[in-house]
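Descriptive analysis of the structure
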Amino acid sequence: IDTQHDDMVHDAQLDYYGVKLATCSSDRTVKVYSVAKDQEVSHTATLTGHEGPVYEIAWAHPKFGSILASSSFDGSVLLHREIQPMGSWTLVHAHRMHESSVNSISFAPHEYGLVLAAGSSDGKVSVITHREDDSWDATFFQDNMLGVNSVSFAPCSFMSASDDAKEGMRLVVGGCDNKVRFWKLNAETKTWEQDDFDSSKADVTHTDWVRDVAWAPTVSSFNTVASCSEDKTVIIWTQSEDDRTEWKPVLLHTFDAPVWRVSWSVTGTILAVSSGDSDVTMWKQELDGKWSQVASVEDSQPAEEQ
């Protein structure tokens with residue numbers, strides 16, 4: 001796909017239905033494309049407003065309309081909504097709470113409403129919430145002092161005891177202090193509280209910056225989180241319903257280069273891993289609990305003739 005960006009592309013995301021593709025770039029823009037049934041892609045809009053490289057984008061659930069969030073080196077998060085006529089976009093909210101680059105954004109499950117988390121190099125995570133009166137409010141918590149690289153929400157009904165009781169929102173955060181932290185929203189105090197778990201003391205741990213974290217979208221008796229790092233490893237963290245204080249790590253694989261991104265399939269059974277050697281690999285857990293590679297996509301260009 002010729003994105004028509006003028007600089008490096010940092011992220012690409014399909015919407016819920018897979019009919020719109022968004023990309024963001026160091027050229028300070030976000031571009032939106034229409035994806036036809038025959039996979040033909042056509043450019044429909046260019047969104048501006050950021051004053052620095054745009055690092056991540058995220059689509060909201062379609063129940064809120066066609067809303068696209070973007071985060072930037074300039075410390076801002078912008079939310080755009082598509083309006084009539086189709087292909088026209090308007091800025092609905094600009095979030096400028098952070099003092100440094102916003103490196104990651106993640107929408108909460110739609111059951112909690114229109115809620116977005118943003119992680120920044122200032123070490124803080126902010127949570128932006130849209131209210132019924134069309135206003136926006138934001139809270140934040142300090143994850144670490146070195147910087148946040150990635151945030152990811154847990155699926156709704158995380159270990160729910162009953163169908164009519166949603167548990168509080170949960171987040172996993174990956175940071176520049178080599179740690180993975182888990183946070184939960186206290187329903188009474190409306191504040192975010194960190195789980196009493198130190199990933200640096202686990203049997204398997206990261207020894208360099210944690211570049212990405214991804215909470216598996218499936219709801220079961222286990223919670224599963226994937227994390228990747230510049231130490232060339234991917235770790236799978238699991239938490240059982242019987243022991244909700246402990247996360248058990250398993251080393252998925254040690255790669256040949258730093259690992260930048262991890263992403264789960266919709267069913268949470270396949271994990272895609274993007275590493276610095278230009279490879280994207282797919283991994284699946286076998287019945288015996290071990291993880292194995294099931295596919296690989298190489299993005300290397302053919303060498304030119306000398």
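You'll find the structure just up there.
Reading the values: the criteria
Residues numbered from 1 in each chain as written. Predicted model: local features only at pLDDT ≥ 70, side-chain atom pairs only at ≥ 80, totals over all residues. Heavy atoms only, no water. Helix = DSSP H or I, 4+ residues; strand = E, 2+ residues; numbered from the N terminus. Buried < 20%, exposed > 50% of the residue type's maximum accessible area, 1.4 Å probe, protein only. Contact = heavy atoms within 4.5 Å. Phe/Tyr/Trp six-rings, centres within 6.5 Å; stacked < 30°, edge-to-face > 60°. Salt bridge = Lys/Arg side-chain N within 4 Å of Asp/Glu carboxyl O.

Here we come to the side chain of S120. Structurally, S120 is set in strand β10 (residues 115-120). Given the relative accessible area of 0%, S120 is considered buried. Apart from residues lying up to four places away in sequence, S120 is in contact with H98, S100, S101, V102, N103, G147 and V148.

Further remarks concern the side chain of S199. Mapping S199 onto the fold places it in the loop between β16 (192-194) and β17 (210-215). Judged by relative accessible area, which is 2%, S199 ranks as buried.

Once that is clear, we can look at the packing of aromatic side chains. Counted by the stated rule, this structure contains 12 aromatic pairs. Judged by centre distance (6.1 Å) and plane angle (55 degrees), the rings of F182 and F197 are tilted. Taken together, the residues F182 in strand β15 (residues 180-185) and F197 in the loop between β16 and β17 connect sequence positions 15 residues apart. Here the two residues F182 and F197 agree in accessibility, since each one is buried.

Moving on, we come to the pattern of salt bridges. Inspection of the entire model under this criterion finds 10 salt bridges. With a closest N to O distance of 2.6 Å, D177 and R181 form a salt bridge. Exposure class is identical for D177 and R181. Each is buried. E230 is paired through a salt bridge with R211; the nearest N and O atoms lie 2.8 Å apart. Of this pair, E230 sits in the loop between β18 (222-229) and β19 (233-240) while R211 sits in strand β17, and the two are 19 residues apart along the sequence. A relative accessible area of 23% places E230 in the partly exposed class. Since its relative accessible area comes to 24%, R211 is described here as partly exposed.

Here we take up unusual backbone geometry. Backbone torsion omega between Q84 and P85 reads -5 degrees, so that peptide bond is classified as cis. Structurally, P85 can be placed in the loop between β7 (77-83) and β8 (88-95). Within the chain, R28 stands out as a residue other than glycine whose phi angle is a positive 75 degrees. Topologically, R28 is positioned in the loop between β2 (20-25) and β3 (30-35). R28 sits in the partly exposed class, given a relative accessible area of 44%. Within the chain, K190 stands out as a residue other than glycine whose phi angle is a positive 60 degrees. Residue placement: K190 occurs in the loop between β15 and β16.

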